[in-house]
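# A closer look at the structure
Chain by chain, the residues run as shown.
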Amino acid sequence: RPPCFNCAALDNRDGARAFPCQAYLASGALKRLLWNKNNPLPQNLSSELVDLISSQWSGDIDIYIYIYIYIYIYEREIYKILLLQSRSCFLGQANSLHYEAEGIRQQCVTFLQYVKTFIFRYLEPAREFTDRPAHPYEELEVQLPSALVEELHALKLYTGRLSELPSNVLATFKIQSQGKLFPASWHLLHLHLDIHWSTLEILHLLGEKMLGQIVYAHQFMNLTGENLTNASLFEEHATSLIGDLIGLSVNRYTKVRPSEALASSPYPCTCAKELWALVLQLLDHRSKVSHTEPFWSCVNKQLTNLLRGASCAEGLRLGDSVHCKDPLGFSWWAVTHLAMLYQFSRNGIAMDKKQLEGNWNFVEKMLKRSCDSQANVLEEQLRMHLQCCLTLCSLWGPNLTTVTTLWEYYSKNLNSAFNIPWLGLKGLASVSKTPFSMLEVVKNCCRAEQNPDLYKSENSFHIFLRILTLQMKKGREANGGQPWKQIKGRIYSKFHKRKMEELTEMGFQNFFSLFLVLAAVAEIEDVTSRVSDLLDLLSPRSVSTAQRVLIWRGCFAFILMYEEKNLDIGVQAEKLAGSFQQVAKEFLLKTTDPSRKAALWTLLAAYVDGVQEVFEMSRYLHLSEEKLLNDGFSMLLPACWESKLNTVLNFVQALLAKLSRALCQQYCILLLNNNMSLITQVRQKKKENNLSIVSCDLCDFFFFFLNSKRMESVFDLVHLLRSAAGFTLLAMDAPGTAPSELKPQPLSTMMQLFGWDDLVHFQLVSRYLSHLILRSALIEALSSIGCTSYQALSVRSWFRCVLQLHLFSLPIAFSMLLTKTPSLHMDTGNMNMDQLVELTRVVLKLPEVESIFQRAQVEQSSVTQDPKSALHQFIKVVGRTYAGLQTLTEKSTMVSKCLEYIGDVLKYIKPYLVNKGPSEGLHLTHRTVGCLVKYWAPVLATSKAQQLLFRIIDCLLLPHAVFQQDRALPPAVLSALRESLPLYLQGLSVITVQSQTQGAYLKQQLRSIIQQYFGRFLPAFPSGSGVVNHPILLSLCEKTAITRTSHLRKTVLQVVNENYLLFKGRAPPPRLASVLSFLFEVLRRTESGETAGDADLVLPAVLKCLLFVNEPQVKKLSTDILQHVVENCQIGSTEGPRTQLTSILRQFIQEHIMIYDHQVYHVLEKVAVLDQALVIGLIPTVTQALKDSEYKQGLGRNSGQRDAYGRLLSHLGEAGQAEILKLEDDSC
């Protein structure tokens, strides 16, 4: 099947093929045509008889005779398909019409292929004239070339031009369906494409076979008088075909947006694109072989006419319906897409790295039109023009004229922003905010690949910089350094003092972008020197602050480029650092106006950002980066307020982190290269010296300021902490660079200043230690310098941080803000808690702490992450560990370690005590110290810890306010003491027993504590839970510490008996019922054996209550206590408790029976109910007391008293009856 145009056959799955396989390029038809050595159709039309247009013809003779008949029949077939497309097509007829039109088209295409094959096989050039008569066929053979030219001309006139086709036929270009059925108009349109291309093929093949001889159309010449030849017909047909194809593209351009120019194809379909490629290849081939006009020359003529607005007669016959509103833009668009066709080979396959045929002469003319100020080309059009120009630069060879033309335009418009309003924010040009972003813009301009969104992402000036970069690179590859010399002269000559002073902020942005591009692709030292000279032309008064900021950023961008190229930045850094120091000095002055300071800060912030970017980009910090650091920072830091200070501290952190990485890299290099050459050793030594200088400068300019700030109450301590941690690691990595104030052990001194100093804010300490103490390198460094107590000091700092959790040492303004916004106070507390959770986690992982848990046989996984609970658990574990020690040496060492752990604990909690709050802080204080007293009681009982114990008692339990009866303790203090008093009492009771030197004093203090707080926590009435939850009662009820509470219970009962159960005559003490209720609860919760031993402390007062108080509640409680004591004494197996009870009752009788005889008898009756034998043993005592009373009264027998006594004896059984009879006998 012969090749033909068929865009429906293109397989989109074959990404490497741009044209259909059945068409002229992919089938190899063009390649065979241009070689002129291969049959156009080697496997077809080779038999003697061929089927052409529904008839059989002789393949080698009939064309001589019937050439005119062939063309006539061919034109009839064209007419048939024309009639088919004019018929209305119903759905049922689509199939038949398609196949009928396709059959006619195939016959027409086959006929044209037959003509080409016949010419290739049989046509010979004209022979020399001879005298012998010629054979008739020889005459026909000689006339055939002229006849072919005449018939091809006639066929051209019959078919007409593409632009003359009906609109419904041209509309079928838009059919992109991959279906199998097409309308007849589609087949007609593609048949026209086949005819136009085949006409050019036949004319070219005819000229090749005639060996350059001119073929004249004799009949045409005889009829019209014009010379029509094969060459003129080829040229005319090619020109008209290019014009028609341009017309089709113009129609498409009317719907193309400038931003989509490169993505929008000028070809209505793949067949039109292939036809362009075929014409391009054929015309360029003929130009090389026959020296005819090349393809670009033909296209340029058409586009030149379009640009000039030429009439149709002059060559570009666009239809009446075609009108190009933007001829210049269309020309750029068309030339760019046509240039891309050169990337395809004669087989239609895209080829890489192919040197394409250029068309610079015409492009230069278009470029001058685009840059003509009188043409009023808008930015949105100029971007498209330059984007097309950039594409052409990437396809063609170097051309410096494009650069000089564009520079002439942009040198006059440097202050322009080159914005497109309808693009919105995306299209607005803005100055770079950082040196790195400025450098990134330049890097984008230097990249070879194009961004698909280039039109919207970059303005025309940036596209010009891309063109400049590309032309410089290609020029250097082709001609060495000559292009740079030419461009340098053109660019440098445009800048002078007046030009520099006229630059706006956007102008300086474009200025630096231009010179950064030049530095990137040419000689950076030369460009940098030139920029420095130009900036020196500016006077300080002529430059605004915003412009100066941009100038500094531009200078830093050059320094960044030096860093990338591994060049020393010393000269540029010194100059820039000097300017910074002058600005910082002005910023420090108190006389500087605040508005001026705000403007200066923008400059200083730009410098800080620039230095940070330089350090972060540097690899080894060996290119004189230290020259960017000078005394300007010493002036800047004291003048900064808090928000600005955080910016500078963030900068310090970045520098320290970079320096640490550089030192690490340096050490790795030294370890890996033990056998370095002498040159390498010298280089490494230089790098080490540079790093040392950087370290010293950081310490000199920043550390002393940080050290002065560590004591201040600053809310945002994050930056201060990170900076301090960075300097600590620097002291570890490079101790020799530390200031003299930190030597001889800079690392331990740094840890002491920021992590172990009790005066530093706890937020800073908690964050600082969390960052550092688990670093293995830090632990090794501290151990190597002999700092063995670093773990204990870290634990002590943890103690302090937890205790000061609720201590907000904030500025006054912030404190006022907290009072107005409680939620902010809550957020701050949560932030502190998060910090302490992390610190708790790392402290518990210290080797020394892990060892303590192991010795106490406690799993660390059981420890909660809550800092307060974890602290209390740690105290308990330490106490257990101490209890398990055996030798005196171990215990002494452990006592010292414990005291080191807690430090000056009272100093940590002093703010809570002074301010009487907050309540959370007081609760935490008393709870923690109470745990210390309870679980570290054996430790506090030693002589080393007694001073601390005395201070705890004096400050927390028995302060001066306790003894001031006229002033009550604050509720928050009482609440905290109520919660923690059991811990204090349990611990003190143990200490009083174990203390060998101050036991008596401690016992006295314990009694004072019980006396002071018993009454404070005793309710007025025993109802509710007041008595049950009394802290002193709770301290006596710990089931696991019976041996401890026995001594404490006796002390409590003694204090209560001596201070709260004293009767004044018959008047009972206050809150007697509550006191009795307390005593009853104590006895009820005490083991029976212990209760019997407490009878002498409880029973005398209870008997008095039964004797003197008639209040029912008191009587009931007294009776209950009496019953409990008596019953517990009965349980005892020994006689001791009963003897003690007997002694107590005997003393009670002797003291009160003389006056309160009836009441005593009544009390004894109650005792008799409980223990009859006990009262029976007292009968002699009572009887003797009765007789003594009667004797003393001197009135003889007291019948009333005897009757009362008799009632008592009546309850005592036989012994009582016997005593009654004995009394009666005595009376007789």
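Position numbers for residues start from 1 in each chain and track the written sequence from start to end. Local features in this predicted model are restricted to residues of pLDDT 70 or higher, and side-chain atom pairs are both shown and tallied only at a pLDDT of 80 or more, whereas totals for entire chains, interfaces and linings draw on every residue. Heavy atoms from the whole structure form the basis of all side-chain values; hydrogens and water molecules are not counted.

### With respect to the overall build of the chain
Counted only if it meets this: In this description a helix means any DSSP run of H or I spanning at least four residues, a strand means any run of E spanning at least two, and both kinds are numbered starting from the N terminus. Residue burial is assigned from relative accessible area. The probe radius is 1.4 Å, only protein chains are included, and a residue is buried under 20% of its type maximum, exposed over 50%, and partly exposed in between. The contact definition used throughout considers only heavy atoms, calling two residues in contact when any of these lie within 4.5 Å. Using a 1.4 Å probe, accessible areas were evaluated by the Shrake-Rupley method; residue-level cover was limited to the displayed protein chains.
Helix and strand counts for the chain stand at 55 helices and 2 strands. Counting only residues that meet the buried cut, the chain has 53% of its 1228 residues in that class. In the chain, once contacts between residues fewer than 6 apart in sequence are set aside, the share between residues at least 24 apart is 76%. Accessible surface computed for the chain: about 54900 Å², of which carbon and sulfur atoms make up 53%.

### Focus: the packing of aromatic side chains
Here is the rule: In summary, the pairing rule links any two rings of Phe, Tyr or Trp, Trp by its six-membered ring, whose centres are within 6.5 Å, and it sorts them by plane angle into stacked for under 30 degrees, edge-to-face for over 60 and tilted for everything else. Counted as over-ring charges are cases with an Arg CZ or a Lys NZ within 6 Å of the ring centre that also lie within 35 degrees of the ring normal.
Scanning the model with the defined rule gives 54 aromatic pairs in all. It is R383 that lies over the ring of Y455; its NZ or CZ is 6.0 Å from the centre.

### Quick word on the side chain of Q1005
Within the secondary structure, Q1005 is located in helix α43 (residues 999–1017). Among residues more than four places away in sequence, those in contact with Q1005 are I953, D954 and L958.

### Comments concerning the confidence of the model for the chain
Applicable threshold: For every residue, the pLDDT score states the predictor's confidence, bounded by 0 at the bottom and 100 at the top.
Overall, the prediction assigns the chain a mean pLDDT of 84, with 86% of residues at 70 or greater. Counting interchain partners and residues more than four positions distant, the pLDDT-below-50 stretch residues 310–321 has 17 contacts. Low pLDDT, under 50, characterises residues 809–827; the predicted model gives this stretch 14 contacts beyond four residues in sequence or across chains.

### With respect to a positive patch on the surface
Here is the rule: Candidates for patches are residues over 30% relative accessible area with no salt bridge; among them, like charges are joined within 9 Å and nonpolar side chains (Val, Leu, Ile, Met, Phe, Trp, Tyr) within 5 Å. By convention in these notes, a salt bridge is any Lys or Arg side-chain nitrogen within 4 Å of a carboxyl oxygen on Asp or Glu. Lys and Arg are tallied as positive, Asp and Glu as negative. Neither His nor the chain termini are counted. Where a charge sits is defined by one atom per residue type, namely NZ (Lys), CZ (Arg), CG (Asp) or CD (Glu).
A grouping of R308, K365, K368 and R369 is seen on the molecular surface, where their side chains present a positively charged patch. Looking at the positive patch element by element, the count peaks at 3 residues for helix α12 (residues 360–370).

### Re unusual backbone geometry
Across the junction of K743 and P744, the peptide omega takes the value 15°, indicating a cis bond. With respect to the element layout, P744 can be found in the loop between α28 (718–733) and α29 (746–756). A cis amide bond, omega 0°, links G917 with the succeeding residue P918. Residue position: P918 is located in the loop between α38 (905–915) and α39 (919–935).

### Focus on the nonpolar core
Threshold: Here, nonpolar core refers to any group of buried Ala, Val, Leu, Ile, Met, Phe, Trp, Tyr and Cys residues whose side-chain atoms link them within 4.5 Å.
Ranked by size, the top nonpolar core spans 405 residues in total, and within it F511, L514, F515, F727 and W798 carry the most contacts. Looking at this core element by element, the count peaks at 13 residues for helix α6 (residues 184–209). Among all residues touching F515, those that are not within four sequence positions of it are I491, Y492, F495, V527, R530, V531, L534 and F558.

### Topic: helix α49 (residues 1112–1131)
Every α-helix carries 3.6 residues per turn, so stepping three or four residues along brings you back to the same face. What counts, and what does not: Under the convention used throughout, the expected extent of a helix is 1.5 Å for every residue step, that is, one less than its residue count.
Taking 1.5 Å of rise per residue, 20 residues should cover 28 Å, and α49 covers 28 Å from first to last C-alpha, within 8% of that figure. When we look at burial in α49, the residues that qualify are V1114, K1115, L1117, S1118, I1121, L1122, H1124, V1125, V1126, N1128 and C1129.

### Re the environment of I569
Turning to its location among the elements, I569 is positioned in the loop between α22 (545–564) and α23 (570–588). Taking the C-alpha atoms as reference points, I569 and S624, separated by 55 residues in sequence, lie 5.9 Å from one another. Here I569 is in contact with I559, Y562, E563, V614, L623, S624, E625 and L628, once residues within four sequence places are set aside.

### Remarks on the environment of L600
As for its position among the elements, L600 is in helix α24 (residues 594–617). Residue L600 is classed as buried on the basis of its relative accessible area, which comes to 1%. As a C-alpha pair, L600 and T545 span 55 residues in sequence and 7.6 Å in three-dimensional space. If we ignore the near neighbours within four places in the chain, the residues touching L600 are V583, E586, F587 and T592.

### Thoughts on a nonpolar patch on the surface
Nonpolar side chains collect at one region of the surface, where Y79, L82, L83 and Y158 lie side by side and expose about 350 Å² of accessible area between them. Per-element accounting of the nonpolar patch gives the leading share, 3 residues, to helix α2 (residues 62–86). Structurally, the position occupied by Y158 is in helix α4 (residues 136–159).

### Re the packing of helix α48 (residues 1095–1108) against helix α51 (residues 1157–1170)
Applied cut-off: Working convention: axes come from line fits to C-alpha atoms, limited for helices to the stretch in contact. Angles between N-to-C directions cover 0 to 180 degrees. Note that the term roughly parallel is reserved for angles under 35 degrees, roughly antiparallel for angles over 145, roughly perpendicular for angles of 65 to 115, and oblique for everything else. Should the near helix be turned anticlockwise from the far one by less than a right angle, the crossing is left-handed, and should it be turned clockwise, the crossing is right-handed.
With their axes 9 Å apart at the nearest point, α48 and α51 run at an angle of 120° to one another. When the axis of α48 is compared with that of α51, the two are oblique. For the pair α48 and α51, the crossing hand works out as right-handed. Between α48 and α51, the residues in contact are L1103, L1106 and L1107 and Q1159, V1160, V1163 and K1166, respectively.

### Focus on the state of the cysteines
Rule in force here: We call a pair of cysteine sulfur atoms a disulfide whenever their separation is within 2.5 Å.
Summed over the entire model, instances satisfying the criterion amount to 0 disulfides. With no disulfide of its own, C7 has C271 as its nearest cysteine by sulfur position, at a separation of 3.8 Å. Distance from the sulfur of C388, which forms no disulfide, to the nearest cysteine sulfur (C389) is 8.7 Å. Owing to a relative accessible area of 1%, C388 belongs among the buried residues under this scheme.

### A closer look at helix α9 (residues 270–290)
Here α9 spans 30 Å end to end across 21 residues, near enough to the 30 Å set by a 1.5 Å rise per residue. Extensive coverage of α9 is indicated by the burial of 17 of its 21 residues. One or two steps after α9, the chain reaches H291, where phi turns positive at roughly 60°.

### Looking at the side chain of Q804
Here Q804 shows up in the loop between α32 (790–803) and α33 (812–820). Discounting residues that sit within four places of it in the chain, Q804 has contacts with F762, Y908 and Y912.

### Things to note about the pattern of salt bridges
Applying the stated criterion across every chain yields a total of 27 salt bridges. The partner of R710 in a salt bridge is D757, and the shortest N-O contact between them spans 2.8 Å. With R710 in the loop between α27 (678–709) and α28 and D757 in the loop between α29 and α30 (762–772), this pair connects stretches of sequence that are 47 residues apart. In this structure, R710 and D757 share a single accessibility class: buried. The salt bridge partner of E838 is R841, with a shortest N-O separation of 2.5 Å. Taken together, the positions of E838 and R841, both in helix α34 (residues 822–843) and 3 residues apart, correspond to about one turn of that helix. Salt bridges sharing partners connect three or more residues here, namely E440, K443 and E564.

### As for the packing of α48 against α49
So the rule is basically this: Basically, the charged four are Asp, Glu, Lys and Arg, the nonpolar ten are Ala, Val, Leu, Ile, Met, Phe, Trp, Tyr, Cys and Pro, and anything else, Gly included, counts as polar.
Interaxial distance between α48 and α49 falls to 9 Å at its minimum, and their mutual angle equals 145°. α48 and α49 meet at a crossing whose hand is left-handed. Taken together, the residues of α49 that come into contact with α48 (itself represented by A1095, V1098, L1099, V1102, L1103, C1105 and L1106) are V1114, K1115, S1118, T1119, I1121, L1122 and V1125. Across the contact of α48 with α49, the residue classes tally to 11 nonpolar, 2 polar and 1 charged.

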